[in-house]
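A closer look at the structure
Residues per chain are reported as follows:
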Amino acid sequence: MKKEIIVEREDKLIYREGDQLIKKFGPSFTKSDILNEALNQSRIEETGLKIPHLQEVRLLDDERMIVMDYIEGTTLQELMDKNPEKMDEYLDRFIDLQLSVHGKRSPLLNEMHDKMRRKIRETDLNATIRYELESRLAGMPRHRKICHGDFNPSNIIITDEDEAYILDWSHVTQGNASHDVIRTYLDFYLDDKIDLAEKYRDRFAEKTDTALQYILKWTPIVAAEQLANDEENEDFLMRWIDVVEYE
């Protein structure tokens, strides 16, 4: 069967074979990493959200992979790029999909606060900044909403029947939805889509009747979390961490 490569990175290959999508992992991924990602996806599948169904996990030395349904369609990002005049319509649908995720619960998912505390401690930030960030995190409300962790238009497939499927659940946690919002907000900034970032943030706050000040309090925490795994964008992320308010 012909293999159609979709994404090829240094230690991960994503490709299609017929009606299957296969994520093949390199040696930097442990068995527990792969099993945890598969477990996350199966838990999200059980919530009833539209996502690719998990078919199989293989852990042989030369076949460390997750196999799932291949969803035929176009990413929301591609639609945004192709039809910029519909951007407001697409953005509203994007936010509504994110809210549908936040409306679900999965009590066995990892807790966001625990993950973020660990990520802050993994950074090379000095002790004073780490202390301030952990103190701010400790003061944030602990919610139990499902948070995708990498919610962006490239991770949404729109089928020919106009159904939306959400992909890539490797970063999912349960926690505070405003974290998810800031993660998306910073992703738009990283892609140099500043106007879209601001419009997305404001529209989300309006739709959910959430104070912008509350959402923005998560910014330095989320930037520090990303810094733990993204040295390439260190300068950008440090600018957001620098907005920390010291007492």
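In this report, we go over the structure that sits alongside the text. For clarity, every value in this text was computed on a predicted model and none was experimentally measured. (Residues numbered from 1 in each chain as written. Predicted model: local features only at pLDDT ≥ 70, side-chain atom pairs only at ≥ 80, totals over all residues. Heavy atoms only, no water.)

**Some remarks on the packing of aromatic side chains**
- Counting across every chain of the model gives ten aromatic pairs.
- Ring centres of Phe94 and Phe151 lie 4.8 Å apart, and the angle between their planes is 40°; on these two criteria the pair is classed as tilted. Linking Phe94 in helix α3 (residues 87–102) with Phe151 in the loop between β7 (145–147) and β8 (156–158), this pair joins segments that are 57 residues apart in sequence. Just as Phe94 is buried, Phe151 falls in that class too.
- Aromatic side chains Phe236 and Trp240 sit 6.2 Å apart centroid to centroid with 65° between the ring planes, which places their arrangement in the edge-to-face category. Taken as a pair, Phe236 and Trp240 lie in helix α10 (residues 234–241) at a separation of four residues, close to a single helical turn. As far as burial versus exposure is concerned, Phe236 and Trp240 are alike and both buried.
- One aromatic cluster in this structure is built from Phe94, Phe151, Phe188, Tyr200 and Phe204.
- The positively charged end of Lys3 is found above the aromatic ring belonging to Tyr15, 4.5 Å away from the centroid. (Phe/Tyr/Trp six-rings, centres within 6.5 Å; stacked < 30°, edge-to-face > 60°. Helix = DSSP H or I, 4+ residues; strand = E, 2+ residues; numbered from the N terminus. Buried < 20%, exposed > 50% of the residue type's maximum accessible area, 1.4 Å probe, protein only. Lys NZ or Arg CZ within 6 Å of the ring centre and 35° of its normal.)

**So, the sheet that holds strand β3 (residues 20–25)**
- Ordered by their spatial adjacency, five strands build an open sheet running β1-β2-β3-β5-β4, and the pairing between neighbours is antiparallel. At either margin of the open sheet sits one strand with a lone partner, and together these are β1 (4–9) and β4 (54–60). Pairwise comparison of adjacent strand axes, ignoring direction, gives a mean angle of 15° for this sheet.
- Alignment of strand β2 (residues 12–17) against β3, held across six bridges, turns out to be antiparallel. Following the sheet pairing, Tyr15 is matched in β3 by Ile22.
- On the sheet, helix α1 (residues 31–45) packs against β3, β4 and β5 (63–69) and is oriented at approximately 170° with respect to β4. (Pairing = 2+ DSSP bridges. Axes fitted to C-alpha atoms, helices over the stretch in contact; angles between N-to-C directions. Contact = heavy atoms within 4.5 Å.)

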